[in-house]
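Each chain, letter by letter, is given below.
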Amino acid sequence: MFTIKDLEKAMGYTVQCMGDPAQIAFDNVKSVEEANQHSLCWIAERNSESTTLFETCKANTIICSNKFQYHTFPNKVLIPVENPRLSFLQIVRSLFTKPIEFGIHPTAQIHKEARLSDKISIGPFSVIGNCSIGENVVIESNCHIHDDVIIGNHVHIMSNTNIGGNGFGYERNDKKEFEFFPHVGTVIIEDHVDIGANTCIDRGTLGATHIKSGSKIDNLVHIAHNVVIGRHCAVIAHAMIGGGTTIGDYCWIAPNAVLRDGLKIGDHAVVGIGALVLKDIPAGETWIGSPAKKYK
Amino acid sequence: MFTIKDLEKAMGYTVQCMGDPAQIAFDNVKSVEEANQHSLCWIAERNSESTTLFETCKANTIICSNKFQYHTFPNKVLIPVENPRLSFLQIVRSLFTKPIEFGIHPTAQIHKEARLSDKISIGPFSVIGNCSIGENVVIESNCHIHDDVIIGNHVHIMSNTNIGGNGFGYERNDKKEFEFFPHVGTVIIEDHVDIGANTCIDRGTLGATHIKSGSKIDNLVHIAHNVVIGRHCAVIAHAMIGGGTTIGDYCWIAPNAVLRDGLKIGDHAVVGIGALVLKDIPAGETWIGSPAKKYK
Amino acid sequence: MFTIKDLEKAMGYTVQCMGDPAQIAFDNVKSVEEANQHSLCWIAERNSESTTLFETCKANTIICSNKFQYHTFPNKVLIPVENPRLSFLQIVRSLFTKPIEFGIHPTAQIHKEARLSDKISIGPFSVIGNCSIGENVVIESNCHIHDDVIIGNHVHIMSNTNIGGNGFGYERNDKKEFEFFPHVGTVIIEDHVDIGANTCIDRGTLGATHIKSGSKIDNLVHIAHNVVIGRHCAVIAHAMIGGGTTIGDYCWIAPNAVLRDGLKIGDHAVVGIGALVLKDIPAGETWIGSPAKKYK
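Calculation criteria
- Residues numbered from 1 in each chain as written.
- Chains lettered and ligands numbered in written order.
- Predicted model: local features only at pLDDT ≥ 70, side-chain atom pairs only at ≥ 80, totals over all residues.
- Heavy atoms only, no water.
- Helix = DSSP H or I, 4+ residues; strand = E, 2+ residues; numbered from the N terminus.
- Buried < 20%, exposed > 50% of the residue type's maximum accessible area, 1.4 Å probe, protein only.
- Contact = heavy atoms within 4.5 Å.
- Areas by Shrake-Rupley, 256 points an atom, 1.4 Å probe, with all protein chains shown as cover.
- Lys, Arg positive; Asp, Glu negative; His and termini not counted.
- Charge placed at Lys NZ, Arg CZ, Asp CG, Glu CD.
- pLDDT = per-residue confidence, 0-100.
- Polar contact = N/O pair within 3.5 Å; in protein donor to acceptor, adjacent residues only side chain to side chain.
- Buried area = accessible area lost by both parts, 1.4 Å probe.
- Salt bridge = Lys/Arg side-chain N within 4 Å of Asp/Glu carboxyl O.
- Least-squares fit on C-alpha atoms with pLDDT ≥ 70 in both.
- Axes fitted to C-alpha atoms, helices over the stretch in contact; angles between N-to-C directions.
- Parallel < 35°, antiparallel > 145°, perpendicular 65-115°, else oblique.
- Nonpolar A, V, L, I, M, F, W, Y, C, P; charged D, E, K, R; others polar.
- Expected span 1.5 Å × (residues − 1).
- Pairing = 2+ DSSP bridges.
- Phe/Tyr/Trp six-rings, centres within 6.5 Å; stacked < 30°, edge-to-face > 60°.
- Disulfide = S-S within 2.5 Å.

**Things to note about the overall build of chain A**
Thought 1: Secondary structure assignment for chain A yields 3 helices and 34 strands.
Thought 2: In terms of overall dimensions, chain A has C-alpha extents of about 80 × 55 × 30 Å along its principal axes.
Thought 3: Expressed as a percentage of the 296 residues in chain A, the buried residues total 59%.
Thought 4: A fraction of 21% describes how many contacts in chain A between residues 6 or more apart in sequence connect residues 24 or more apart.
Thought 5: Accessible area for chain A stands at about 11900 Å²; split by element, carbon and sulfur atoms hold 49% of it.
Thought 6: Where the 26 positive side-chain charges of chain A centre and where its 31 negative ones centre are 4 Å apart.

Take a look at the structure:
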């Protein structure tokens, strides 16, 4: 059972409670609806509904927002914080997740000249080409990391994902048949990048496809050859980024967004869900629709 | 060569034929265009075209609709039924498909504490975490079923599919960098659910992502954390269901439909092909378009 | 270091240079921006920008278009050709790519009755059913080629791709529950077809799903049961082709295009990026938008 001490250690500072901190005792995290007495919960906002939530929630320990005044609830300890969701996730990460078990699964196929750090976890049936992989990297099962790919530190790649495969580069010859343009470029994945399952990131035709530090890619995303994704971007499920498109820092590419090839997307841009982007987007703008236009 | 006896056994009742039942002799099922003399075929509707189909089809045994009057065709036996397609599939399933061969492929990686029934088929290179799997379940090759997932009976999961991976849960911190929200929830797959290839079903953040009994999921579908899909729904290729969205029973989610997070879709709702759904859909309504609106 | 002789051998004819052919010396291919002295580069068009490109590019050997007049650049050799991109790719393919290493990886699971040519490369963890595969075929890792599939010669299939799985064929019975329509058809892949990663091509219900010679399919594409794709077509990332749709020869299906089931798309048709196609497209037309309409 975790107590106020574990909670403060996870949060990194002394918390101010409403209620008796000695009453804090939890061994699980649940949603408000599913909580039992020994759950830790969080309630983000205060409105007429949230007051009811505090009353009906069975958990005796609740993270809440410090922006509101609450009355005390019998047998409950409230912990008001600046960002309830963020504090909650820090606690969950600290107390309820297992550390990475480093090691290469015996079935994984590793190229004999691959340059891998010792602090790496590679799952069953993954195929690692002649590439370079840093520290604290997890590659789940059935992935294919092709030759020449460079992966930094603190990277997590989920199952069945392909990085560094040939891009879709064909040129019709004079018989209108396709000739394949061999891809001699690579893929660079910087630090703190997460990549979902069944996602494809193609190698550059000549230069590199480049995912910069802190960016997070979801499941079933297609990132074509020579795309550049800036730092701390999110690219969400089923998004498609066309060849050579460059995305700035801190962008948000919503699910099923489609960005044609060769675009420039400025820093802090937001592309809406299902948007079809056919033009460059200036920094800081939000574009939605099909074809996408600036959201007023 | 199958005869009238096999056919009646497969259909479960005594059939009324037009033509001599003793003439029924088939050893294959084909489309009308590709049929030979010993094919079993079906023709659904009657119109000027279908009359020609009966004449040109080479099969001597044809399932057809009992809603129409037909004249007899020389050397052909017609079997009029209520739903020709359904009767045909029952015969195909009964006479032309192999029973499941139970067994776990020696290459599959099974967690030592996984709770698996004896009547299960797990294909090569699949990774089964510490989860629970019922009877008459087929998991094809190169799948990843993560820890904590609960799978019922009569479930079929095609190759390269991921169930129970972490959802895309990130919160920007005060430096605008992403913090990962660890996912401690799970996925529940009820009985008689089929799941296609290269599909991803993420675990719940805290509670469960839940696919209820009889629902069918196609290839390359993304189902985010905490989605609930009701009973007897179809979710077709490339559909994307955003986090926390709840879909009722008997719904039809057409290919490439995109449902944003947090929606409520009522029972018997239909979402059209390529629809972008941004609002709740009341029960029984059909919504199409981008953004989706009620179809009059 | 490659010289004029290697270059002419790769191109198959004697080239006309602007500058001294004896100066040609390259050991790598790069983009114009990343080139060093010993790079081979190509510049396609001539405009005010391209003149600057010729000056700033550090490569001493540049493939360019024979449609324009250039002045000479010191220390550079220009090679004017009809189609610079095509000539460049022929050189890259000839000089910078490795030949296929034939062989079946020891981990691959091959059906004992599969009919495979000797000149085949099958990667780790791929599962090959009772099917037929021709010469000069590469199947990368973690693929599943189901029973009955027929694959021709010079075919390349990237990782985590599924060919010949059951299509999504369900019929609601009188309880509104789904009955599965067993798929007893197959998939035929003709010569010179390339298929990307994490793509699904379902088998026909009764007849065949058919990809004709020279067509190229990208990553994360869904091709449903009984689709026919003509010769020399491109089907690009995240496209979805509904069941039974027939596509003619020389078509271009752009990324994220969605084609409903049962359509007929004529030869040389172009479907735009993100287009939602609900009607037949006559030969030679370009359709864009959602729903797609003819582009004037």
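**Things to note about the confidence of the model for chain A**
Thought 1: Looking at chain A as a whole, the pLDDT averages 94, with 99% of positions reaching at least 70.
Thought 2: In the model output, the complex is listed with pTM 0.94 alongside ipTM 0.92.

**Quick look at the side chain of asparagine 28 of chain B**
Residue and element names in this part refer to chain B.
Thought 1: Positionally, asparagine 28 belongs in strand β1 (residues 28–29).
Thought 2: Under the relative-accessibility criterion, asparagine 28 is labelled buried at 14%.
Thought 3: Of note is the side chain of asparagine 28, whose polar atom sits 2.9 Å from the side chain of aspartate 27.
Thought 4: Setting aside anything within four residues of it in sequence, one finds asparagine 28 in contact with Asn36, His38, Ser39, Leu40 and Phe96.

**Some points on the interface of chain A and chain B**
Thought 1: Facing 50 residues of chain A, the contacting portion of chain B comprises 46 residues.
Thought 2: Taken as a group, Arg85, Phe125 and Ile273 of chain A account for 15% of the area that chain A buries against chain B, more than any other trio of residues on that side.
Thought 3: Counting across the chain A and chain B interface gives 3 salt bridges.
Thought 4: Two residues, glutamate 171 of chain B and arginine 85 of chain A, come together in a salt bridge whose shortest N-O distance is 2.5 Å.
Thought 5: The set of elements that each furnish at least two residues to the side of chain A that touches chain B consists of α3 (84–96), β22 (216–217) and β25 (234–235) of chain A.
Thought 6: Ranked by the residues each element gives to the side of chain A that touches chain B, the list is headed by α3 of chain A, at 8 residues.

**Comments concerning the relation of the copies chain A and chain B**
Thought 1: For these two chains of identical sequence, chain A goes onto chain B by a turn of 120° and a shift of 0.0 Å along the axis, with RMSD 0.0 Å. Such a turn and shift between the copies fits a three-fold axis.
Thought 2: An overlap of only 16% is found between the interface residues of chain A and their copies at the interface of chain B, pointing to separate contact surfaces.

**A word on the environment of asparagine 226 of chain C**
Residue and element names in this part refer to chain C.
Thought 1: Mapped onto the secondary structure, asparagine 226 falls in the loop between β23 (222–223) and β24 (228–229).
Thought 2: Of the residues examined, asparagine 226 reaches a relative accessible area of 22% and is grouped as partly exposed.
Thought 3: Here the alpha-carbon distance between asparagine 226 and valine 270, two residues 44 residues apart in the chain, equals 21 Å.
Thought 4: Ignoring anything within four residues of it in the chain, the contact list for asparagine 226 reads Arg203, Gly204, Thr205, Leu206, Gly207, Ala208, Thr209, Gly244 and Thr245.
Thought 5: A distance of 2.8 Å separates a polar atom in the side chain of asparagine 226 from the backbone nitrogen of threonine 205.

**Some remarks on the packing of helix α1 (residues 4–11) of chain A against α3 of chain A**
All names here are of chain A.
Thought 1: For the pair α1 and α3, interaxial distance at closest approach is 9 Å and the crossing angle is 110°. Relative to α3, α1 is oriented roughly perpendicular. Together, Asp6, Leu7, Ala10 and Met11 of α1 and Ser87, Ile91, Ser94 and Leu95 of α3 make up the contact between the two elements.
Thought 2: A class-by-class count of the residues in the contact of α1 with α3 yields 5 nonpolar, 2 polar and 1 charged.

**Looking at the interface of chain A and chain C**
Thought 1: The partner chain C presents 50 residues to the 46 residues of chain A that form the contact.
Thought 2: Summed over both sides, the interface of chain A with chain C buries roughly 3600 Å², with 62% coming from carbon and sulfur.
Thought 3: Between chain A and chain C we count 17 residue pairs in polar contact (both at pLDDT 80 or more) in total.
Thought 4: For the side of chain A that touches chain C, the secondary structure elements donating two or more residues are β15 (162–165), β16 (170–172), β17 (178–180) and β20 (200–202) of chain A.
Thought 5: Each residue belonging to the side of chain A that touches chain C can be placed in one class, and the counts come to 19 nonpolar, 18 polar and 9 charged.

**Some points on α3 of chain A**
Thought 1: When the terminal C-alpha atoms of α3 of chain A are compared, their 17 Å separation across 13 residues agrees well with the 18 Å that a helix rising 1.5 Å per residue should span.
Thought 2: Within α3 of chain A, burial applies to Pro84, Leu86, Ser87, Phe88, Leu89, Ile91, Val92 and Leu95 of chain A.

**Structural notes on the pairing of strand β4 (residues 77–81) of chain A**
Residues and elements named next belong to chain A.
Thought 1: Among the 5 residues that make up β4, 4 are buried, leaving the element largely enclosed by the rest of the structure.
Thought 2: Bridge count between strand β3 (residues 61–65) and β4: 5 bridges; the pairing is parallel. Of the residues in β4, the one forming a bridge with threonine 61 is valine 77.

**Quick look at the relation of the copies chain A and chain C**
Applying a rotation about an axis and a shift along it to one chain copy brings it onto the other copy.
Thought 1: Aligned on chain C, chain A shows an RMSD of 0.1 Å; the corresponding rotation is 120° and the shift along the axis is 0.0 Å.
Thought 2: Here only 17% of the interface residues in chain A have copies in chain C that are interface residues too; the copies meet through unlike faces.

**Concerning the sheet that holds strand β11 (residues 137–139) of chain B**
Hydrogen bonding along the main chain pairs the strands of a sheet, whether they run parallel or antiparallel.
All names here are of chain B.
Thought 1: Sheet architecture is open: 11 strands sit in the order β5-β8-β11-β14-β19-β22-β25-β28-β31-β33-β34, paired in mixed fashion. A single partner strand is all that each edge strand has here, and the edge strands are β5 (103–104) and β34 (292–294).
Thought 2: Note that β11 and strand β14 (residues 156–157) share 2 bridges and pair parallel. Within β14, the residue paired with valine 138 across the bridge is histidine 156.

**Considerations on the pairing of strand β3 (residues 61–65) of chain C**
All names here are of chain C.
Thought 1: For β3, a buried count of 5 out of 5 residues is recorded, marking the element as mostly surrounded by other parts of the structure.
Thought 2: Pairing geometry for strand β2 (residues 39–42) and β3, over 3 bridges, is parallel. Across the sheet, residue tryptophan 42 finds its bridge partner in β3, namely isoleucine 63.

**Details of the packing of aromatic side chains**
All names here are of chain A.
Thought 1: Taken as a whole, this structure holds 41 aromatic pairs over all chains when the rule is applied.
Thought 2: Aromatic pair phenylalanine 68 and tyrosine 70: ring centres 6.5 Å apart, planes at 80°, arrangement edge-to-face.
Thought 3: Using a relative accessible area of 11% as the deciding quantity, one classes tyrosine 70 as buried.

**Topic: the pattern of salt bridges**
Residue and element names in this part refer to chain C.
Thought 1: According to the stated counting rule, one finds 23 salt bridges over all chains in the structure shown.
Thought 2: Its salt-bridge partner being arginine 203, residue aspartate 148 comes within 3.0 Å of it at the nearest N-O pair. Taken together, the residues span a long stretch of sequence, with aspartate 148 in the loop between β12 (144–145) and β13 (150–151) and arginine 203 in the loop between β20 (200–202) and β21 (208–211) at a distance of 55 residues.
Thought 3: Of the residues examined, arginine 203 reaches a relative accessible area of 7% and is grouped as buried.

**Overview of the state of the cysteines**
Structurally, a disulfide amounts to a covalent bond that connects the sulfur atoms of two cysteines.
Thought 1: What the rule picks out here adds up to 0 disulfides over all chains.
Thought 2: For the unlinked cysteine cysteine 251 of chain A, the closest cysteine sulfur is that of cysteine 233 of chain A, found at 4.5 Å.

**Looking at the environment of serine 132 of chain A**
All names here are of chain A.
Thought 1: Along the chain, serine 132 turns up in strand β10 (residues 132–133).
Thought 2: A relative accessible area of 21% places serine 132 in the partly exposed class.
Thought 3: C-alpha of serine 132 to C-alpha of leucine 116: the two residues are 16 residues apart in sequence and 5.8 Å apart in space.
Thought 4: Contacts of serine 132, omitting those with residues within four sequence positions, involve Arg115, Val149, Ile150 and Ile151.

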